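# Descriptive analysis of the structure
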Number of protein chains: 4
Amino acid sequence: MIDDQTKKSTTRRLKLIRGQLDGIERMIDQEKYCIDIINQITAVRNALEKVSLLVMKSHIESCVADSIEVGDEKKKAQKIDELMETLYKFVT
Amino acid sequence: MIDDQTKKSTTRRLKLIRGQLDGIERMIDQEKYCIDIINQITAVRNALEKVSLLVMKSHIESCVADSIEVGDEKKKAQKIDELMETLYKFVT
Amino acid sequence: MIDDQTKKSTTRRLKLIRGQLDGIERMIDQEKYCIDIINQITAVRNALEKVSLLVMKSHIESCVADSIEVGDEKKKAQKIDELMETLYKFVT
Amino acid sequence: MIDDQTKKSTTRRLKLIRGQLDGIERMIDQEKYCIDIINQITAVRNALEKVSLLVMKSHIESCVADSIEVGDEKKKAQKIDELMETLYKFVT
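Now for a look at the structure at hand. (Residues numbered from 1 in each chain as written. Chains lettered and ligands numbered in written order. Predicted model: local features only at pLDDT ≥ 70, side-chain atom pairs only at ≥ 80, totals over all residues.)

## Digging into the relation of the copies chain B and chain A
Selection rule: When the copies are superposed, the least-squares fit takes in the C-alpha atoms of residues with a pLDDT of at least 70 in both. A pair of residues counts as a contact when their C-beta atoms, built from backbone coordinates, are within 7 Å of each other.
The two copies are related by a screw operation: chain B maps onto chain A through 180° of rotation and 0.0 Å of translation along the axis, at an RMSD of 0.0 Å. What the rotation and shift describe, once combined, is the action of a two-fold rotation axis. No C-alpha of chain B approaches the rotation axis more nearly than that of Arg45(B), which lies at 2.8 Å. A share of 100% of interface residues in chain B that are also interface residues in chain A marks the association as one of identical surfaces.

Following this line, the structure appears as structure tokens:
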């Protein structure tokens, strides 16, 4: 489960991202220069990447670590497989 | 400048993305499973990638193509350099 | 440390990648169509991504898991921080 | 077609990449630390990304630009579609 600090930090970041997204909608509406729009979208994608990495860190520290501490090999393998699948989607 | 069809299509996509972003904020607030949150963020990042590519296509078709058609070598080089810099930021 | 199965599998993949790389050098030397060259490089980058993910899985299963099993909180935090930094470089 | 300068520059870069790849094979053979292996693979992937962008720049400057200069709308659309498909594969 997501820990308190990560919850606060990701919620704050998502609010900023929402503001950036509003800005991009306005840029498109006002037909701003395409290059500026693309660079702004890149900034949002990078900000979302950071949010994902924060959630992933929290997930490894709690959920994956718990499954390892408990010593259940099947559960450990399952959690690591799930993490790798998510990582694979994340990077492609 | 962004063409009409791209303007409509990207505006519609950004509205969907905003909805997805609201969903992610709720997932974090309700402390949903981290893996589901990460996969949802990945979906939004992919959707934003599509928006960027649509804007980029429109930019190449109009702005870059115009600079080439005009036959001004300096302008052409400048536009292509700018596009490559944007692409570089986009992929890293 | 990298486990035996991962060692075999990544070594075999790297040999294939080397062959693909030789192919790309030939394509450039013979001035083949740019789009085909770029797509071939994309294939190699994707293949390398797979190799990275295999090594990462092996690392989490052994090194990160060991640091968690031992129950040393400082070591656990250190290993997870290191993993996240590597992931960050990996995705950007 | 790839221009002379790009041909030289990409060939030189690919030789360096081949050396880096040899190094990674040795690291795996000698069972070096996983994190170092992953970071080394990331370096190679970034180097390949640069090669792709150089080829893409050359392609836009020559092939795409030519199709635009000639003034054949169908050919222009075809070349830009092909470029966007390649870009899509490149970024995903």
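There is more to say, and it comes next.
## A word on the interface of chain B and chain A
For clarity, the cut-off: Helix and strand definitions here come from DSSP, where helices need a minimum of 4 consecutive H or I residues and strands a minimum of 2 consecutive E residues; each element is numbered from the N-terminal end.
Across the contact, 35 residues belong to chain B and 35 residues belong to chain A. Contributions of two or more residues to the side of chain B that touches chain A are made by α1 (4–29), α2 (34–69) and α3 (73–91) of chain B. Ranked by the residues each element gives to the side of chain B that touches chain A, the list is headed by α2(B), at 18 residues.

## Focus: the relation of the copies chain D and chain C
Between the two copies, chain D and chain C, the superposition gives an RMSD of 0.0 Å; the rotation angle is 180° and the shift along the axis is 0.0 Å. Comparing contact sets, 100% of the residues at the interface of chain D also lie at the interface in chain C, consistent with an isologous, same-surface contact.

## Things to note about the environment of Ser52(B)
How we decide: Buried residues are those with 20 or more other C-beta atoms within 10 Å of their own C-beta, exposed residues have 12 or fewer, and partly exposed residues lie in between; C-beta atoms are placed from the backbone.
Relative to the assigned elements, Ser52(B) resides in helix α2. Since 24 C-beta atoms lie within 10 Å of it, Ser52(B) is described here as buried. Measuring from C-alpha to C-alpha, the distance between Ser52(B) and Cys34(B) comes to 27 Å, with 18 residues separating the pair along the chain. Once you skip the residues sitting within four places of it in the chain, Ser52(B) turns out to touch Ile38(A), Ile41(A), Thr42(A) and Phe90(B).

## Some thoughts on the nonpolar core
Note the threshold: By our criterion, buried Ala, Val, Leu, Ile, Met, Phe, Trp, Tyr and Cys residues that link up through C-beta atoms within 7 Å make up a nonpolar core.
Grouped together as the largest cluster of nonpolar side chains are 84 residues, with contacts concentrated most on Val55(A), Val55(B), Val55(C) and Val55(D). With residues up to four places along the chain from it excluded, the contact list for Val55(A) reads Ile2(A), Thr6(A), Thr10(A), Cys34(B), Ile37(B) and Ile38(B).

## Let's talk about unusual backbone geometry
All names here are of chain A. The backbone of Glu31 sits at a positive phi, close to 50°, despite the residue not being glycine. Here Glu31 is to be found in the loop between α1 (4–29) and α2 (34–69). Its 13 C-beta neighbours within 10 Å are what place Glu31 among the partly exposed residues.

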